[in-house]
Amino acid sequence: MAQDIENASPEKVEEYFLEGPKKRRFEFFYIFKVAVEFIKGFRKLHFVGPCITVFGSARFKEDHPYYKLAREVSAEVAKLGFTIMTGGGPGIMEAANRGARDVGRLSVGCNIELPFEQSSNPYMDVWVNIKYFFVRKVLLLKYSYGFIVMPGGAGTLDELFETITLIQTGKIKAFPVVIMGKKYWQKLIDLLELMVEEKTISDTDLNLFLVTDSVQEAVEHIQNCTKNDFGLKKKIFKQKPIGVLGEKNSFSKKLEDMYKELVAFWSKGYDEKNEVSPPTSFS
């Protein structure tokens, strides 16, 4: 059995690992496999710049209103200079990456390897395929200065509540979290308000996120939080990739072009009609 599981698919190995205590040898080498996945992600995503991560269902098609909304808000956020990061799959993830591509901004993904779902969408400048969900979730958080949560299922709820919990407990900074789709999320908001009444969460926890249907409100919230709270400003990232570490700056020309654009965007504030392009890298 031990020999069979060592040659099994990643999802079977993970299932076996989570069944309880295993042989010390198996657990020891499993940790090395996890470390390899982390290092692969770190090296692949090292040059993506500050990101806004978009969460949402993989099941919406391109004619769905939520797909169109994700594409629109991602395009507008990308104009602020952020790289758009997603889980790399179809549906909302594809829409978000596509929105960044629409406006010529950087689009990256952290795809999960599954036997039945999901292939990488074609709208990414760079992506990494990850075997383990928990590694993928860390990578989606690590490079992001904000999060947009579109309608989705159990996976989206998992991502939303893990992000809010990390902010609530001080494990990550109070980055902006925007939940889009008031009607879709209304019963969840009702549940959270009930939690406040029952004192299982604090009333201030409801301030950790913004619920809206407005693209402009979402973008303004992200811009205000990231600029005012974290002091993001343009800075050219001079560190160069190291080939032996597997690093590669696949979009260096695009970055160079974007570095040359006007910094004035940040001082003027967000304006839907503002055609001035912002910088793409921050400190």
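Quick caveat, the model's predicted, so the values are computed rather than measured.

## Thoughts on helix α2 (residues 10-17)
For step 1, the next point in the chain: Along α2, the residues classified as buried are Val-13, Glu-14 and Tyr-16. Burial along α2 is one-sided: seen end-on, the buried residues are contained in an arc of 160 degrees.

## A few points about the confidence of the model for the protein
For step 1, the next point in the chain: Residues with a pLDDT of 70 or more make up 78% of the protein, whose mean pLDDT is 86.
For step 2, the next point in the chain: Taken together, the stretch residues 259-266 has pLDDT below 50 and engages in 32 contacts with residues farther than four places along the chain or on a different chain.
For step 3, the next point in the chain: Every residue in residues 272-283 is under pLDDT 50, and counting partners more than four places away or in other chains gives 52 contacts.

## Looking at the environment of Tyr-184
For step 1, the next point in the chain: Following the sequence through the fold, Tyr-184 ends up in helix α8 (residues 182-197).
For step 2, the next point in the chain: A residue is classified by how much of its surface remains accessible, and Tyr-184, at 37% relative accessible area, is partly exposed.
For step 3, the next point in the chain: Sequence spacing of Tyr-184 and Gly-152 is 32 residues, and the spatial spacing of their C-alpha atoms is 9.2 Å.
For step 4, the next point in the chain: Setting aside anything within four residues of it in sequence, one finds Tyr-184 in contact with Tyr-66, Pro-151, Gly-152 and Gly-153.

## Describing the packing of aromatic side chains
For step 1, the next point in the chain: In this structure the tally under the stated criterion is 14 aromatic pairs.
For step 2, the next point in the chain: Plain terms: the ring middles of Phe-55 and Phe-147 are 6.0 Å apart, the flat faces sit at 10 degrees to each other, and that makes the pair stacked. Taken together, the positions of Phe-55 in strand β1 (residues 51-55) and Phe-147 in strand β5 (residues 144-149) put the pair 92 residues apart, joining distant regions of the chain.
For step 3, the next point in the chain: Among the residues examined, Phe-55 registers a relative accessible area of 4% and is labelled buried.
For step 4, the next point in the chain: Taken together, a centroid distance of 5.8 Å and an interplanar angle of 15 degrees make the contact between Tyr-132 and Phe-134 stacked.
For step 5, the next point in the chain: Looking at Tyr-132, the relative accessible area reads 3%, which means it is buried.

## A few points about the packing of helix α3 (residues 24-44) against helix α6 (residues 133-142)
For step 1, the next point in the chain: At their nearest, the axes of α3 and α6 sit 10 Å apart, and the two run at 30 degrees to each other. Here α3 is positioned roughly parallel relative to α6, judged by the angle of their axes. Two packed elements cross with a definite hand, and for α3 against α6 that hand is right-handed. Two secondary-structure elements touch here, α3 through Tyr-30, Val-34, Glu-37, Phe-38, Gly-41 and Phe-42 and α6 through Phe-134, Val-135, Val-138, Leu-139 and Lys-142.

What counts as what
Residues numbered from 1 in each chain as written. Predicted model: local features only at pLDDT ≥ 70, side-chain atom pairs only at ≥ 80, totals over all residues. Heavy atoms only, no water. Buried < 20%, exposed > 50% of the residue type's maximum accessible area, 1.4 Å probe, protein only. Helix = DSSP H or I, 4+ residues; strand = E, 2+ residues; numbered from the N terminus. Arc of directions from axis to C-beta. pLDDT = per-residue confidence, 0-100. Contact = heavy atoms within 4.5 Å. Phe/Tyr/Trp six-rings, centres within 6.5 Å; stacked < 30°, edge-to-face > 60°. Axes fitted to C-alpha atoms, helices over the stretch in contact; angles between N-to-C directions. Parallel < 35°, antiparallel > 145°, perpendicular 65-115°, else oblique. Left-handed = near helix turned anticlockwise from the far one by under 90°.

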